[in-house]
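Per-entry structural report
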Amino acid sequence: MSCGHDHQRRQFLSRGAALTAAVTIAPGLMLYDFARARPSGEPASSAVRWGMLIDTTQCESGCDACVRACNKENSLPGGTLPTDPQWIRKLELQQEGTGRRISLPMMCQHCAEPPCVEVCPTGASFKRADGIVLVDKHRCIGCRYCMMACPYKARSFVHEPVTDHSGATPRGQGTVESCTLCVHRVDQGVAPACVEACASEGHQAILFGNLNDPDSAISQRIRSVASAKLRADLNLDPGISFVGL
Amino acid sequence: MTLRWAGLWRMALLLVLAGPLAAAVNEPVLDIGQGGHCVDDPQFMRLNHMKLLRHQRDETVRQGIRGGKYSLAGCVDCHASKKNHSVLGTDQNFCQGCHVYAAVRIDCFECHSSTPRRSIAGEVLK
Ligand code: SF4
Ligand code: SF4
């Protein structure tokens, strides 16, 4: 990438503060920043690191709009049996002692040091330059090592033949899959489906953006409120942080 | 005379058999859907689409490069039959027809959609 382009990009990104997380341009289409759609032909860049900030104080108990949106976007069957693929789970937690309850969506944490990638024998699990952790299903042999290695139980094995190919993500029996951060949308400059669904449900529990840009809405918020990463002791540096844990 | 008749019968039989056989041996009859100008020379595509798609899939999945000249979804967009909106289904459908003819198993559509992108809820997904 040329310096000129880099400069342009930074200029675009710095406008992110004005064009924050949820700009609706048409029903069902939300941009977090028009300029962030990567031009076609350009690879993902490590100048960007995509992440989320999940505010458990805004996440409503019992609401599963994000889960439904994810299932619809990626044509997941939507079951919750141990053998059903689930890319997001809604968790309802209660603190021992105080009895305080919180509710949160749980998905792949898009670790900077992902153990799923480390154990994968085929190179199918990989981290894209912009921090999105994916399974290259062309290479996945379904050994499920990554499922064992992931401390967040974020991955699912596709047990059944896939008949519904209408979703945005190609899926197939015998491979492992997990949240893609809606990479197909992100590459077009559109926020992930769960983020959009949460906002249109009237909640603002999920903020999506570029963690590498100090001026992005997510970076500003992470600077101003207390947030935490799940199992920070494991030093996996997840891209997902939580407020109000 | 018997001999001459037998000879004629044999010729007639050969002609009847050879007609349909000749068509079947030459080329599969394909429904090319919308068709139009292919992204590259059709004969080049016939010979090389598998290599081009394999190269493109790695670039797109692993590096995030979108909008390339060659893409499976692009093939499907142009070549889905107008009858069943798919590149699969019968031995006339674009992908299935040729792969059956060439006896090459096609795995793509175990995961990928065999219908054009715009037919998905009316949205262009890309
Ligand atoms: S949360 Fe699990 S699947 Fe996601 S990157 Fe981390 S280890 Fe891999
Ligand atoms: S199941 Fe697939 S992605 Fe996971 S470790 Fe095995 S080959 Fe890699």
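Residues numbered from 1 in each chain as written. Chains lettered and ligands numbered in written order. Predicted model: local features only at pLDDT ≥ 70, side-chain atom pairs only at ≥ 80, totals over all residues. Heavy atoms only, no water.

This part is about the confidence of the model for chain B. Residue and element names in this part refer to chain B. Mean pLDDT for chain B: 81, with 72% of residues reaching 70 or above. Taken together, the stretch residues 13-22 has pLDDT below 50 and engages in 0 contacts with residues farther than four places along the chain or on a different chain. Overall, residues 119-126 carries pLDDT values under 50, and its contacts beyond four positions in sequence, including any with other chains, amount to 10 contacts. (pLDDT = per-residue confidence, 0-100. Contact = heavy atoms within 4.5 Å.)

Attention now goes to the site of ligand 2. Taken together, 14 residues form the shell around ligand 2, and within it Cys120, Cys140, Cys143, Arg144 and Cys146 of chain A come nearest. For the shell around ligand 2, a count of residues per class yields 10 nonpolar, 3 polar and 1 charged. (Near = heavy atom within 4 Å. Nonpolar A, V, L, I, M, F, W, Y, C, P; charged D, E, K, R; others polar.)

What follows is about the pattern of salt bridges. A full pass over the atoms with the stated rule returns 20 salt bridges over all chains. Of the charged contacts, one joins arginine 128 of chain A and aspartate 187 of chain A as a salt bridge, the two residues approaching to 2.8 Å between their closest N and O atoms. One end of the pair, arginine 128 of chain A, is in the loop between β6 (125-127) and β7 (133-135); the other, aspartate 187 of chain A, is in the loop between α5 (183-186) and α6 (193-200), with 59 residues separating them in the sequence. Note on accessibility: arginine 128 of chain A and aspartate 187 of chain A belong to one class, buried. We note a salt bridge from aspartate 107 of chain B to arginine 105 of chain B, for which the minimum N-O separation is 3.0 Å. Through salt bridges with shared partners, a single network forms among Arg38, Arg128, Asp130 and Asp187 of chain A together with Arg66 of chain B. (Salt bridge = Lys/Arg side-chain N within 4 Å of Asp/Glu carboxyl O. Helix = DSSP H or I, 4+ residues; strand = E, 2+ residues; numbered from the N terminus. Buried < 20%, exposed > 50% of the residue type's maximum accessible area, 1.4 Å probe, protein only.)

For the rest of this paragraph, the subject is the pairing of strand β10 (residues 206-210) of chain A. Working note: regular strand, side chains alternate between the two faces of the sheet. Residue and element names in this part refer to chain A. In terms of residue burial, β10 counts as a mostly covered element, since 5 of its 5 residues are buried. With 5 bridges joining them, strand β3 (residues 50-55) and β10 adopt antiparallel strand pairing. Its bridge partner lying in β10, tryptophan 50 is registered against asparagine 210. (Pairing = 2+ DSSP bridges.)

With that settled, the discussion passes to the interface of chain B and chain A. By a widely used convention, the size of an interface equals the accessible area lost when the partners come together. In this assembly, 17 residues from chain B lie in contact with 24 residues from chain A. Around 1700 Å² of area is buried between chain B and chain A when both sides are counted, 50% of it from carbon and sulfur atoms. The largest contributions to the chain B side of the interface with chain A come from Arg62, Arg66 and Cys111 of chain B, which together make up 37% of the buried area. Counting across the chain B and chain A interface gives 2 salt bridges. Salt-bridge contacts for aspartate 136 of chain A lead to arginine 62 of chain B; the nearest nitrogen and oxygen are separated by 3.0 Å. Summed over the shared surface of chain B and chain A, the number is 10 residue pairs in polar contact (both at pLDDT 80 or more). (Buried area = accessible area lost by both parts, 1.4 Å probe. Polar contact = N/O pair within 3.5 Å; in protein donor to acceptor, adjacent residues only side chain to side chain.)

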